[in-house]
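Fold and contact review
Take a look at the letters that make up each chain.
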Amino acid sequence: MTQTQDPARSRTFSWSDPVAGAAQIGRRGGLELLRAMIDGELAAPPVMHLIDMARMEADEGRVAVELVPQEFHYNPLGTVHGGVISTLLDTAAACAVHTTLPAGVGYTSLDLNVKFLRPVTVASGTLRCEGTVLQRGRRTALAEARLTDAAGRLIAHATSTCLLFPLDQPS
């Protein structure tokens, strides 16, 4: 394997205080909130910086996120750790649900069922994860997410159930 990084590997990153974005939960609808993050009006959540998630797109019932695999994502086997892949899948599926929620309604993941189909390395190129809402009711929502590599091959698939609940109205 050809190394594309310096022999002395290091990584630093920074993030903004997540409290400002969290304060908007319940005050704005989900799609409006995500678009404010995409446009830079609100800071992205720290986890996006932690794993170096890139570009995000959001429409009603659909979210896409991208990540360029790096060595710092690797597990001891020399492939991207399943937790990183699961984080992408969870983000896309849950945020797709979030785009359908009006102000005053929150959500949390109840489960995430992941199927890993191919290994991922730096040679996989940019990964794209698209989440789509399959069904949304009053109390729960079902979403799926599909992760593909730069060649368009399916890498992993997930389904997620989210619990929907009213939030305390801000004063």
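In case you missed it, the structure is sitting above this.
Note that the coordinates shown come from a computational prediction; the quantities given were computed from them, not determined experimentally. (Residues numbered from 1 in each chain as written. Predicted model: local features only at pLDDT ≥ 70, side-chain atom pairs only at ≥ 80, totals over all residues. Heavy atoms only, no water.)

**Description of the layout of surface pockets**
What counts is decided by this rule: Each cavity reported here is a set of points on a 1 Å grid over the protein atoms alone in which a 1.4 Å probe fits but cannot get out, each pocket an open set with protein on both sides within 12 Å along at least five of seven lines, and each lining residue one with an atom within 4 Å of a point. Grid points are joined across faces, edges and corners, and a volume is the space filled by probe spheres set on the points. Per the convention used, a helix needs a DSSP run of H or I reaching at least four residues, while a strand needs a run of E reaching at least two, with both numbered from the N terminus.
The space that makes up the largest pocket amounts to roughly 570 Å³. For the lining of the largest pocket, the secondary-structure elements that each account for two or more residues are α1 (19-22), α2 (30-38), α3 (46-51), β1 (53-59), α4 (82-98) and β3 (105-116). Here the element with the most residues in the lining of the largest pocket is α4; it accounts for five residues.

**What to know about the packing of aromatic side chains**
Note the following rule: Classification of ring pairs uses Phe, Tyr and Trp, with its six-membered ring standing for Trp, and accepts pairs whose centres are within 6.5 Å; under 30 degrees between planes counts as stacked, over 60 as edge-to-face, and the remaining range as tilted. We call a charge positioned above a ring when the Lys NZ or Arg CZ atom is no farther than 6 Å from the ring centre and deviates by at most 35 degrees from the ring normal.
Counted by the stated rule, this structure contains one aromatic pair. Considering the side-chain rings of F13 and W15, the 5.6 Å spacing of their centres and the 40° angle between planes classify their relative orientation as tilted. One Lys or Arg, R11, reaches over the ring of F72 and ends 3.8 Å from the middle of that ring.

**Focus on α2**
Which entries qualify depends on this criterion: Per-residue accessibility, obtained with a 1.4 Å probe over protein chains only, is compared with the maximum for each type, and a residue is labelled buried under 20%, exposed over 50%, and partly exposed between these values. Residue contacts are defined here by distance: any two heavy atoms, one from each residue, within 4.5 Å place the two residues in contact.
Looking only at α2, the buried set comprises G30, L31, L33, L34 and A36. Close packing links the buried residues of α2 with α1, β1, β2 (62-67) and α4. G40 lies just past α2 and shows a positive phi near 85°.

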